[in-house]
Amino acid sequence: MEQAVPISYARTLAEARLYLALTVEAGREEPPVEGPEGWTLRSGGVEVLVPYASEAEARDEGEPFGVGLSELLDPGQWRLASAGYARRALADDLEYAEEPGDESLFLRVVSGWESARDALGEVLKFLPPGEREVPAEAFWTETGLAAREAEPESFLRDRLAEDIAFYQQNLDDFRSLNG
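Residues numbered from 1 in each chain as written. Predicted model: local features only at pLDDT ≥ 70, side-chain atom pairs only at ≥ 80, totals over all residues. Heavy atoms only, no water.

1. Looking at the packing of aromatic side chains
Inference 1: Taken as a whole and assessed by the stated rule, the structure comprises ten aromatic pairs.
Inference 2: Ring geometry for Phe-106 against Phe-174: centres 5.1 Å apart, planes inclined by 35°, an arrangement best described as tilted. On the criterion of sequence distance, the pair formed by Phe-106 in helix 4 (residues 103-124) and Phe-174 in helix 6 (residues 157-178) is long-range, its members being 68 residues apart.
Inference 3: Judged by relative accessible area, which is 15%, Phe-106 ranks as buried.
Inference 4: Members of the aromatic cluster, joined through ring pairs, are Phe-65, Trp-78 and Tyr-85. (Phe/Tyr/Trp six-rings, centres within 6.5 Å; stacked < 30°, edge-to-face > 60°. Helix = DSSP H or I, 4+ residues; strand = E, 2+ residues; numbered from the N terminus. Buried < 20%, exposed > 50% of the residue type's maximum accessible area, 1.4 Å probe, protein only.)

2. Some points on the nonpolar core
Nonpolar side chains in soluble globular proteins generally cluster together in the buried interior.
Inference 1: Leu-41, Val-48, Val-50, Trp-78, Trp-113, Val-123 and Val-134 are the most contacted members of the largest nonpolar core, which has 40 residues in total.
Inference 2: For this core, the secondary structure elements donating two or more residues are helix 1 (13-23), strand 3 (38-43), strand 4 (46-51), helix 3 (75-98), helix 4 and helix 6.
Inference 3: The element best represented in this core is helix 4, accounting for nine residues.
Inference 4: Among all residues touching Trp-78, those that are not within four sequence positions of it are Arg-11, Glu-15, Leu-18, Phe-65, Ser-70, Leu-73, Ala-119, Glu-122, Val-123 and Phe-126. (Core = buried A, V, L, I, M, F, W, Y, C linked by side-chain atoms within 4.5 Å. Contact = heavy atoms within 4.5 Å.)

3. A look at the pattern of salt bridges
Oppositely charged side chains can form a pair if their charged atoms are brought close together.
Inference 1: For the structure on display, the rule yields 13 salt bridges.
Inference 2: For the salt bridge of Glu-47 with Arg-42, the shortest nitrogen-to-oxygen distance reads 2.6 Å.
Inference 3: Look at Glu-47 and you get partly exposed, because its relative accessible area is 26%.
Inference 4: Two residues, Arg-59 and Glu-55, come together in a salt bridge whose shortest N-O distance is 2.9 Å. Of this pair, Arg-59 and Glu-55 both sit in helix 2 (residues 52-61), four residues apart, which is roughly one turn of the helix.
Inference 5: Taking relative accessible area as the criterion, Glu-55 reaches 8% and is therefore assigned buried.
Inference 6: Among the ionic contacts, a cluster of salt bridges with common partners joins Arg-11, Glu-15, Glu-63, Glu-122 and Lys-125. (Salt bridge = Lys/Arg side-chain N within 4 Å of Asp/Glu carboxyl O.)

4. Some thoughts on the sheet that holds strand 3
Inference 1: Here we have four strands laid out as an open sheet, ordered 1-4-3-2, and mixed in their pairing. What marks the edges here is a single partner per strand, and that holds for strand 1 (8-9) and strand 2 (33-34).
Inference 2: Pairing between strand 1 and strand 4: two bridges, direction parallel. The partner of Tyr-9 across the bridge, within strand 4, is Leu-49.
Inference 3: Running at roughly 60° to strand 4, helix 2 makes contact with strand 2, strand 3 and strand 4 of the sheet. (Pairing = 2+ DSSP bridges. Axes fitted to C-alpha atoms, helices over the stretch in contact; angles between N-to-C directions.)

5. Here we look at the environment of Glu-30
Inference 1: As for its position among the elements, Glu-30 is in the loop between helix 1 and strand 2.
Inference 2: Look at Glu-30 and you get partly exposed, because its relative accessible area is 41%.

Structure (structure tokens):
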């Protein structure tokens, strides 16, 4: 008898899409399917359910990836995703400098810096109050553990705050120069 794969739950569509992008090899995400309680996203045989209520709560709270702690992605994965968003934002920013006025490119740059900043905000959520670094037990994936091992200092509260401020400054500078 074939055992059913458990459905994972994401807090938002953005978190679900990132999870699928990071965990499904060569899978193509299908359009979200609306159900009675939420959307189901599928890719490469993996399903993720996003309850309507948690998506609405995240929007109300201004939390693009969701309110509370992620149960899908660990701090190392969030850190790596943030770096990926920043690399893409920088590349788009440089392209925009060559072709100013392209509205869709402008929006990609803004979205990229916002996503880089917000993904680091997700790492901060794993930091207990008063602690200076994300605890080792917060990492549960091979990818996340490897990220922590490679750069343990990048999971310190002060470093996270500096990097968030850096991404915000890049976003502010881009907007002031091109807004």
